[in-house]
Amino acid sequence: MKHFTSVQDVKNISDLVLEAQNIKKNPFLHQNLGKNKTLGLIFFNSSLRTRLSTQKAAQNLGMSVMVMNVGQDGWQLEFEEGAVMNGAAAEHAKDAIAVMGQYCDILGVRSFPELKNRDLDYSERVLNSFIKYANVPIVSLESATLHPLQSLADLITMEELKKTACPKVVLSWAAHPRALPQAVPNSFAQWVGAGNYELVITHPKDYELAKEFTKNAMIEHDQDKALAGADFVYAKNWSSYSDYGKIASQDPSWQITSEKMKLTNKAYFMHCLPVRRNVIVSDSVIDSPQSAVIRQAGNRVFSAQVVLKNLLENN
Ligand code: CP
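Residues numbered from 1 in each chain as written. Predicted model: local features only at pLDDT ≥ 70, side-chain atom pairs only at ≥ 80, totals over all residues. Heavy atoms only, no water.

Taken in spatial order, the 4 strands of this open sheet run 2-1-5-6, and their pairing is parallel. The two strands at the open ends of the sheet, each matched to only one other strand, are strand 2 (64-69) and strand 6 (138-140). Within this sheet the neighbouring strands show an average axis-to-axis angle of 20 degrees, counted without direction. Here strand 1 (residues 38-43) runs beside strand 5 (residues 106-110); their pairing, made up of 5 bridges, is parallel. Within strand 5, the residue paired with Leu39 across the bridge is Ile106. (Pairing = 2+ DSSP bridges. Helix = DSSP H or I, 4+ residues; strand = E, 2+ residues; numbered from the N terminus. Axes fitted to C-alpha atoms, helices over the stretch in contact; angles between N-to-C directions.)

With that settled, consider the pairing of strand 1. With 6 of its 6 residues buried, strand 1 lies for the most part within the structure. With burial as the criterion, each face of strand 1 is covered, one bearing Thr38, Gly40 and Ile42 and the other bearing Leu39, Leu41 and Phe43. Sheet analysis places strand 1 next to strand 2, joined by 6 bridges and oriented parallel. Paired with Gly40 across the strands is Met66, a residue of strand 2. On the question of chirality, the crossover connecting strand 1 to the parallel strand 2 by way of helix 2 (residues 49-60) is right-handed. (Buried < 20%, exposed > 50% of the residue type's maximum accessible area, 1.4 Å probe, protein only. Right-handed = clockwise from strand over helix to strand, strands pointing away.)

A separate point is helix 2. Its 12 residues give helix 2 an end-to-end C-alpha distance of 16 Å, which sits within 8% of 16 Å, the value for a rise of 1.5 Å per residue. Burial in helix 2 covers these residues: Arg49, Thr50, Ser53, Thr54, Ala57, Ala58 and Asn60. Looking straight down helix 2, one finds that the buried residues subtend no more than 160 degrees of arc, so they occupy a single side. On the buried face of helix 2, the contacting elements are strand 1, strand 2, strand 5, helix 7 (148-161) and helix 13 (293-314). Looking at the residues trailing helix 2, positive phi occurs at Gly62, about 80 degrees. (Expected span 1.5 Å × (residues − 1). Arc of directions from axis to C-beta. Contact = heavy atoms within 4.5 Å.)

Within the secondary structure, Ile294 sits in helix 13. Each C-alpha atom of the pair Ile294 and Ala226 lies 24 Å from the other, and the pair is 68 residues apart in sequence.

Take the site of the ligand next. Every residue close to the ligand is listed here: Ser47, Leu48, Arg49, Thr50, Arg110, His147, Gln150, Cys272, Leu273 and Arg300. Between an oxygen atom of the ligand and a side-chain N or O atom of Arg49, the distance comes to 2.9 Å. A distance of 2.8 Å separates an oxygen atom of the ligand from a polar atom in the side chain of Arg110. Within the complex, the protein chains bury 93% of what would otherwise be the 250 Å² of accessible surface of the ligand. There are two domains that each give the shell around the ligand at least three residues, and those are domain 1 (7-146 + 300-314) and domain 2 (150-296). (Near = heavy atom within 4 Å. Polar contact = N/O pair within 3.5 Å; in protein donor to acceptor, adjacent residues only side chain to side chain. Areas by Shrake-Rupley, 256 points an atom, 1.4 Å probe, with all protein chains shown as cover. Domains from an automatic or database assignment.)

Residues Val139, Leu152, Met158 and Trp191 are the most contacted members of the largest nonpolar core, which totals 55 residues. The element contributing the most residues to this core is helix 13, with 8 residues. When residues of this core are assigned to domains, at least three fall in each of domain 1 (7-146 + 300-314) and domain 2 (150-296). The residues contacting Leu152, other than those within four sequence positions of it, are Phe4, Leu16, Val17, Trp191, Ser303, Val306 and Val307. Listed in part, the 19 residues of the second largest apolar core include Val233, Ala235, Ala267 and Val281. (Core = buried A, V, L, I, M, F, W, Y, C linked by side-chain atoms within 4.5 Å.)

This is the structure:
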C-alpha cells in the first residue's frame with residue numbers, strides 16, 4: 001500500500017479486515033514500528049472520530065502526531081495551477097503541502113466537497129494535490145467523494161456481528177436539514193459491493209449515487225421493501241448527485257424507526273456519526289441493543305491502525 005485513499009489501494013479487503021481484527025485483540029504488539037516517525041493530520045473540515053481515532057491508532061504504533069486545522073489556523077491556500085496570487089490566498093498549496101511532507105512521514109488529510117461544482121469536487125483536487133506534492137504516503141481522512149477509513153471500520157463491525165455468511169445490508173437515505181456530501185455512501189457502496197454481502201440501496205428518486213460506486217448494489221426506491229429481511233441497516237443522508245449538492249426531498253418518513261426495524265431480520269442499526277437523532281434515526285433505535293454505532297466508532301481506531309501499520313511497513 002503506497003497511499004490509502006480508496007478501496008482500490010487495498011490488495012485484499014478480507015485480509016485487511018482480518019489483520020485489523022488481530023490488531024484489536026493486541027493493539028500494542030507493534031508499538032515500536034512507528035518509533036521516531038511522525039504522522040501529520042491536516043483538517044480542512046471539522047472532525048471528532050477521525051481525528052481522535054487516527055491519533056490513538058498512531059500512538060498505539062509508537063508514532064508522534066501533529067494536528068493542524070488548516071481551515072482555522074493555517075494560511076488560506078490557493079489550489080489553482082498558475083494562479084496570479086493577488087487575492088485572499090497567502091500560500092500556494094503546492095508549497096504548503098511540500099513543506100508538510102518535510103515534517104511528516106505520513107500525512108492524513110480531511111477535505112470535504114464544496115457541493116457547488118460536481119466536476120471539481122469529483123476531481124479530488126485537494127487530496128490529489130497532497131498525493132502530488134507531499135512526497136510521503138497520504139491517508140484520506142474523508143475526501144470530497146470517499147471516506148475509506150470509515151468504510152473499513154464498517155466492514156470490521158459487520159464481520160464482528162454478522163450471523164450469516166452473506167448478510168443483507170441495506171444502505172438507506174434519510175432526510176436531513178442540510179446538504180451533505182456523498183462521500184460516506186459512495187465509499188460504503190464501494191467497500192460493501194466488493195465484499196461478500198447482498199447490498200441494497202434505498203432512497204427517494206433523484207438521490208441516485210454515481211454509478212461507478214453502486215454497480216454491485218440493487219437500487220430499491222420502496223424503503224419498506226428494501227428493509228425486508230435486512231441483517232444490517234445503515235442510515236445516511238446525502239445530497240443529490242444529479243442536481244448536484246441540492247436537497248431534493250426532506251420527507252421525514254424515511255427516518256429509521258422501531259416500526260421500520262420490525263421489517264428486518266433483527267438487523268443491527270449502523271451510522272457513521274455524527275447523527276441527528278429523531279431526524280435520521282429515532283432514539284428508540286439508536287439507543288437499542290441492536291445499535292452498532294458506538295462499536296463502529298470504536299473500530300475506527302483499528303481501521304486507522306491497520307492502514308498506518310501497512311504504510312509504515314511498506315514505505
Ligand atoms: N464518522 C466520522 O468521520 O466522524 P467525524 O466527522 O467526527 O470524524
